[in-house]
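Listed here are the chains, written in short residue letters.
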Amino acid sequence: MLAVALLGPAPLDPATGQERPPTSPTLSGVYRRPLGNDPGTLDPPRISDTYGRSVAEQIFDGLVQFDQTLTVSPALARFWKASRDGLVWTFNLRQGVRFHHGRELTSDDVVYSITRLLDPKLRSGAAERFAMIRGAQAFREGNVTQVEGLRAVDRYTVEVSLTEAFTPFVSVLAVGHAKIVPRELAEAQGEAFGTRPVGTGPYKFSRWERGKEIALVANPDYYAGAPHLARVLYRIFPGESSDQICREFEEGNLEESPVPPLCRSKVGDPRYLHVQRPTFSVRFYGFNTRFKPLNDVRVRMAITHALDRERILHEIFAGRFQAARSILPPGMPGHSQSIKTPPYDPARARALLRAAGYPEGKGIPPIPIWSSVRSPRIESELDAIKAQLRAIGIQAETNFETDWPTFSKRLVEGRLPMFLYAWHAELPDPDSFLFELFHSKSPRNPTRYANPVVDALLVQARREKDLLRRKEIYQRAEPLILEDAPVIPVWHYAYERLFQGYVRNVEVSGLGEAYMPLRKIWLEDRR
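What comes next concerns the included structure. (Residues numbered from 1 in each chain as written. Predicted model: local features only at pLDDT ≥ 70, side-chain atom pairs only at ≥ 80, totals over all residues. Heavy atoms only, no water.)

### What to know about the state of the cysteines
Next up, step 1: For the structure on display, the rule yields one disulfide.
Next up, step 2: The partner cysteine of Cys246 in its disulfide is Cys263, sulfur to sulfur 1.8 Å. Its S-S torsion of about 100° marks the bond between Cys246 and Cys263 as right-handed, since a negative value means left-handed. One end of the pair, Cys246, is in helix α6 (residues 242–250); the other, Cys263, is in the loop between β12 (256–257) and β13 (272–278), with 17 residues separating them in the sequence. We note that Cys246, like Cys263, is buried. (Disulfide = S-S within 2.5 Å. Helix = DSSP H or I, 4+ residues; strand = E, 2+ residues; numbered from the N terminus. Buried < 20%, exposed > 50% of the residue type's maximum accessible area, 1.4 Å probe, protein only.)

### Here we look at the sheet that holds strand β5 (residues 77–82)
Next up, step 1: Taken together, the four strands give an open sheet; going across it, the order is β5-β6-β8-β7, and neighbouring strands pair in antiparallel fashion. Of all the strands in the sheet, just β5 and β7 (150–154) have a single pairing partner and so form its edges. Neighbour to neighbour, the strand axes of the sheet diverge by 20° on average, direction disregarded.
Next up, step 2: The pairing of β5 with strand β6 (residues 88–93) spans five bridges and is classified as antiparallel. Pairing of Lys81 across the sheet is with Thr90, part of β6.
Next up, step 3: Relative to β7, helix α2 (residues 107–118) is tilted by about 175°, and along the sheet it contacts β6, β7 and β8 (157–161). (Pairing = 2+ DSSP bridges. Axes fitted to C-alpha atoms, helices over the stretch in contact; angles between N-to-C directions. Contact = heavy atoms within 4.5 Å.)

### Examining the sheet that holds strand β20 (residues 494–500)
Next up, step 1: Overall, antiparallel pairing links the three strands, which are arranged β12-β20-β13 in an open sheet. On the outer flanks of this sheet lie β12 and β13, each paired with one strand and no other.
Next up, step 2: Of the pairings in the sheet, the one linking β13 to β20 comprises seven bridges and is antiparallel in character. Paired with Tyr272 across the bridge in β20 is Gln500.

### Re helix α9 (residues 346–355)
Helical geometry note: an α-helix holds 3.6 residues per turn, so side chains three or four residues apart project in the same direction.
Next up, step 1: All of the buried residues along α9 are Ala349, Leu352 and Leu353. Around the axis of α9, the buried residues are gathered within 100° of arc, so they sit on the same side.
Next up, step 2: Those residues of α9 that are buried lie in contact with α7 (297–306).
Next up, step 3: Residue Gly357 follows α9 closely and has a positive phi angle near 90°. (Arc of directions from axis to C-beta.)

### Focus on the packing of helix α12 (residues 431–438) against helix α14 (residues 467–484)
Next up, step 1: Between α12 and α14, the least distance of the axes is 11 Å, while the angle of their chain directions is 40°. The angle between the axes of α12 and α14 places the two elements in the oblique class. Of the two possible hands of crossing, α12 and α14 adopt the one that is left-handed. On the side of α12, the interface is formed by Asp431, Leu434 and Phe438, while α14 contributes Arg470, Tyr474, Glu478 and Ile481. (Parallel < 35°, antiparallel > 145°, perpendicular 65-115°, else oblique. Left-handed = near helix turned anticlockwise from the far one by under 90°.)

### A look at the pairing of strand β10 (residues 213–218)
Next up, step 1: Across the six residues of β10, five count as buried, placing the element largely inside the fold.
Next up, step 2: As judged from the six bridges shared by strand β9 (residues 203–209) and β10, these two strands associate in the antiparallel manner. Of the residues in β10, the one forming a bridge with Lys204 is Val217.
Next up, step 3: The hairpin turn running from β9 into β10, its antiparallel successor, is three residues long, and Gly211 in that turn takes a positive phi close to 80°.
Next up, step 4: Where β10 and strand β11 (residues 231–236) come together, five bridges link them in antiparallel fashion. Looking at β11, one finds that Leu216 is bridged to Val232.

### Focus on the pattern of salt bridges
Next up, step 1: This model, assessed by the stated rule, comprises 40 salt bridges.
Next up, step 2: Asp109 is the salt-bridge partner of Arg103, the closest N and O atoms lying 2.7 Å from each other.
Next up, step 3: Judged by its relative accessible area of 27%, Arg103 falls in the partly exposed class.
Next up, step 4: Residue Glu187 is joined to Arg183 by a salt bridge in which the shortest nitrogen-to-oxygen separation is 3.0 Å. Of this pair, Glu187 and Arg183 both sit in helix α5 (residues 183–189), four residues apart, which is roughly one turn of that helix.
Next up, step 5: Accessibility expressed as a relative area gives 41% for Arg183, which makes it partly exposed.
Next up, step 6: Sharing partners across several salt bridges, the network here consists of Arg53, Arg129, Glu426, Glu436 and Arg444. (Salt bridge = Lys/Arg side-chain N within 4 Å of Asp/Glu carboxyl O.)

### Looking at the environment of Arg53
Next up, step 1: Tracing the chain through its elements places Arg53 in helix α1 (residues 50–59).
Next up, step 2: For Arg53, a relative accessible area of 3% gives the class buried.
Next up, step 3: Arg53 sits 399 residues away from Pro452 along the chain, and the two C-alpha atoms are 32 Å apart.
Next up, step 4: When near neighbours in sequence (up to four residues on either side) are disregarded, Arg53 contacts Pro44, Ile47, Gly176, His177, Glu426, Ala514 and Tyr515.

In short, the description is geometric, and any link to function would need to be established separately.
And the structure:
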């Protein structure tokens, strides 16, 4: 799996135009990073967006973590072992690790944090990933007050027992929801813990001014060594205003920026560092499959055939992203070039509408399409969608809700008939796409899609230990999902950023920016 780790070009001396010799990293500097929206929360198990994840990753640690090659590596657990049948996992914790408020982390905090993640009152989107822990179901149903399979053996040892072997279990412990929190603070503060988070990570929470910025300060006592940056400042740009971010970057007010067309001319400029790599993601148009007439697969498929996604991608977004031929992105286990999204075919779209009882779209009310981002390009994209739908007789209305928590809440409540959505995997595993988005019981299923055959295949894949057979199961499930058309895959994102020339040691994996280890970055002396 590809990873990028770059030091960047040596900065130029403005007096001589020559490269200055590099300096050594020290605890200094403020790193100003753009954030496309206010997070809903910074409480790890409650987070449902990349904005909160980007911040929380710097504040908290889990038992294990992904390194830049997406290999599971130690974090709060120094080492771990599994029983031969894969049902009992034992984790040995680092000693002397302290939360930001001073108390030492113990095995009790680990047991509490995973139990809390399973608590139905939190409605964590990741709870289903931990359902294989023995006693999890009984706890979630309120029949018991403790999870039988979670046990603090001693102060620094945790034992986790499963009801069945689950192939990616250790990888699941590396996801952002499974961070370890201090019990006394999480219990006392409730939901407010998400606005005043305390973890063990390389940076401590300082303040949050909604709509403006989130500030973190270095944790000099971090177990893996103090970070190089003294402070990290997330500047919030509601609605992901990438052009505004680019202008701020050009004026020297940010250390990094996305690369919208306005910034494209900066690529190759020796003053900046350009980083690009594919990520495990998919951008799609989603349907609420319970909303009439979108509950009819023929109508959903008609819309799928009516939309010329390639044209939208190239004419509006200048081909910045990789066209999605399927749901799983290239490089993800289970991805197959033979699995393809239904093509652009207006004649087929009209035939499907006739078969569904809506000849030339007659009888279909205007379909509301929602976006959480509002920018000139998104508006052009939605205008193109409306025009292409009009060509087969369907009218559509565009709506914007740029406050992400509000948009997310409406999506969960099933109030968005059709919507633009981006999914960034938290695991380098197809389960993170297909189960999370399409299993009928997944709390993160935004389309309310349900197909018992698909459900059975996705559960079977979770249990399968043989990697080849597991891959084959996913390759049976994905075409069934595409035939039901709960989503229309449009593109896969690439991580692409410009960094100021003095930024050093940028490290990016296929999980993208949310998992970028800012503690490794340092800033070259610009004097």
